[in-house]
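Remarks on the overall topology
Listed below, chain by chain, are the residues.
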Amino acid sequence: MAEQATVETRSKHMEAREAQRVLPRLLMIGESAVLAQASTYFPREPLEQPIPVITGYYQPEGGGEPRPNYAGTIDPWQQRVDRMRGKLYNRFAEAVKDSAGQVFTKEPVISEDTPQKLKDFFEDANGAGASLHTFALSRLQTAAAEGIDYVLVDYPPAPVPGQVLTESEESRLGVRPTWKVYSPGSVLEVEPEMFRGNLRAKLVRLMETVEVEDGKWGKRCIEQVRVLYPGDGDANSANRYARFEVWRKPVKENGEEGEWKDAAIYEEGVLTRQVDIPFVAFPTSISEEYGQFDSPPPMGDLAWKVIGHARKRSTLDNSQHMVGFPFLYWAGIEEDSAKQQLANGLGSSRVLAGPKESSLTHTEPQGTAWESVERSITRLEQEMDIL
């Protein structure tokens, strides 16, 4: 039986879209984030199983066969992943930053006759000091990587719950709406509808992480879900304006959080003096079903080429590490004699002696196979540069 959906359950469409965004998001964070998911993108080969390290043998009490002393294991797969550090050719992140940077090469020039309210907004778009230029550049970078980015126009709360502040009251109190960013991964659902000839959001569910007090001095982070509803536009209706609900899991007597299936409304109220939900999407394309509220990652193919390049690079590096150095090959000599002569190592001051028919050579791999892999890696780099 399928698990029943709760307020924090991502919609099926958003779940499928989120699966497409994971890799682009990791690549934008950087190499460390990709290698943290190495088991997904660089799976263990059949011959890369952990190898036990034996430091000696001991005789068990009561007799019997000697048993080995184990001192941990050597993991060839983890060693291969460690050798990948510093070698990720992250053309995806470069392409995203280049494409976004070309749009914002220069900051906008604000004319002198611009209202002071707009000037203040251009200087601080999110209420945390980010200029509109910096704020918009970040939104475009996220959209170029993941296909879309979201902003909620967050209105200041009224002194009286349920009351809606007028413009004059906002001016008197010295408060104003700010733009609050919600990454694509935090959007659980956007359900669109046609309203008076225009497409708008009928329902929005957003996952948030907030900091709450934990005892007298401590702090801890908890998750909550913000649910947004539009108004009906009826001047005589209690639901005239857009409204919100905040859902949280219950807290048990021992202070631990309960489960989402038992979640309840923690806070609710009027969101804005507007009818529609002030939830703005910045897509790179328009969906037929979801309109501006949905868009796939535009450079998903490039993201997977980066992984393909890293896999080939890893294969080549691992091969060169394992067999890339010459080794001694001594034919025609008894094993015990060879071991005895090589016990103290090799060097320019050492002489090895063997039967007349024996031969001593160095063996090393030929580079033709590696050259083929290197050519394939170069072709991948060229394809990524074209994309």
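Placed above this text is the structure.
Residues numbered from 1 in each chain as written. Predicted model: local features only at pLDDT ≥ 70, side-chain atom pairs only at ≥ 80, totals over all residues. Heavy atoms only, no water.

1. Some words on the sheet that holds strand β5 (residues 187-195)
Pairing is antiparallel in the open sheet, where 5 strands are placed in the order β5-β6-β7-β8-β9. One side of each edge strand has no neighbouring strand; the edge strands of this open sheet are β5 and β9 (264-270). Each strand of the sheet is rotated relative to its neighbour by a mean of 25 degrees, with strand direction disregarded. (Pairing = 2+ DSSP bridges. Helix = DSSP H or I, 4+ residues; strand = E, 2+ residues; numbered from the N terminus. Axes fitted to C-alpha atoms, helices over the stretch in contact; angles between N-to-C directions.)

2. Things to note about helix α7 (residues 132-146)
Over its 15 residues, α7 runs 21 Å from end to end, which matches the ideal 21 Å to within 8%, given 1.5 Å per residue. Here α7 has its buried residues at Leu-132, His-133, Phe-135, Arg-139, Thr-142, Ala-143, Ala-144, Ala-145 and Glu-146. On its buried face, α7 is in contact with α1 (12-29), α5 (91-103), α6 (116-123), β3 (150-154) and β4 (178-182). (Expected span 1.5 Å × (residues − 1). Buried < 20%, exposed > 50% of the residue type's maximum accessible area, 1.4 Å probe, protein only. Contact = heavy atoms within 4.5 Å.)

3. Considering helix α4 (residues 76-83)
Every buried residue of α4 is listed here: Pro-76, Trp-77, Arg-80 and Val-81. The arc that holds the buried residues of α4, viewed along the axis, is 140 degrees, so those residues lie on one side. (Arc of directions from axis to C-beta.)

4. Some points on the sheet that holds β3
Spatially, the 3 strands line up as an open sheet ordered β4-β3-β10, and their pairing is antiparallel. Bordering the open sheet on either side are β4 and β10 (279-281), each of which pairs with just one other strand. Averaged over all neighbouring strand pairs, the angle between strand axes comes to 30 degrees, with direction disregarded. As paired strands, β3 and β10 are joined by 3 bridges and run antiparallel to one another.

5. A look at the environment of Thr-73
Examined against the element boundaries, Thr-73 turns out to sit in strand β2 (residues 67-74). Counting along the chain gives 21 residues from Thr-73 to Pro-52, while the straight-line C-alpha distance between them is 4.2 Å. Non-local contacts of Thr-73, meaning those with residues more than four positions away in its chain, are made with Pro-50, Ile-51, Pro-52 and Val-53.

6. Structural notes on the nonpolar core
One finds Leu-27, Phe-42 and Phe-92 to be the most contacted residues of the largest nonpolar core, which totals 24 residues. For this core, the elements supplying multiple residues, two or more each, are α1, α2 (31-36), α3 (38-41), α4, α5, α7 and α9 (300-323). Residue contributions to this core peak at 5 residues, all from α9. In this structure, Phe-92 is in contact with Pro-24, Leu-27, Met-28, Ala-145, Met-299, Leu-302, Ala-303 and Val-306, ignoring residues within four places of it in sequence. Residues Met-14, Tyr-150, Val-187 and Val-204 belong to the second largest nonpolar core, which totals 19 residues. (Core = buried A, V, L, I, M, F, W, Y, C linked by side-chain atoms within 4.5 Å.)

7. Re the packing of α5 against α7
When two helices pack together, their arrangement is given by the angle between the helix axes and the distance between those axes. Between α5 and α7, the least distance of the axes is 9 Å, while the angle of their chain directions is 135 degrees. For the element pair α5 / α7, the angle class is oblique. Here the hand of the crossing between α5 and α7 comes out right-handed. Contact with α5, carried on its side by Phe-92, Val-96, Lys-97, Ser-99, Ala-100, Gly-101 and Val-103, involves Leu-137, Leu-140, Gln-141, Ala-144 and Ala-145 of α7 and no other residues of that element. Class assignment for the residues of the contact of α5 with α7 results in 8 nonpolar, 3 polar and 1 charged. (Parallel < 35°, antiparallel > 145°, perpendicular 65-115°, else oblique. Left-handed = near helix turned anticlockwise from the far one by under 90°. Nonpolar A, V, L, I, M, F, W, Y, C, P; charged D, E, K, R; others polar.)

8. Some thoughts on the pairing of β5
Summarising the sheet, β5 and strand β6 (residues 198-214) pair through 8 bridges and their orientation is antiparallel. By the bridge assignment, Glu-189 is partnered in β6 with Arg-205. Between the antiparallel neighbours β5 and β6 lie 2 residues, among them Arg-196 with a positive phi of about 55 degrees.

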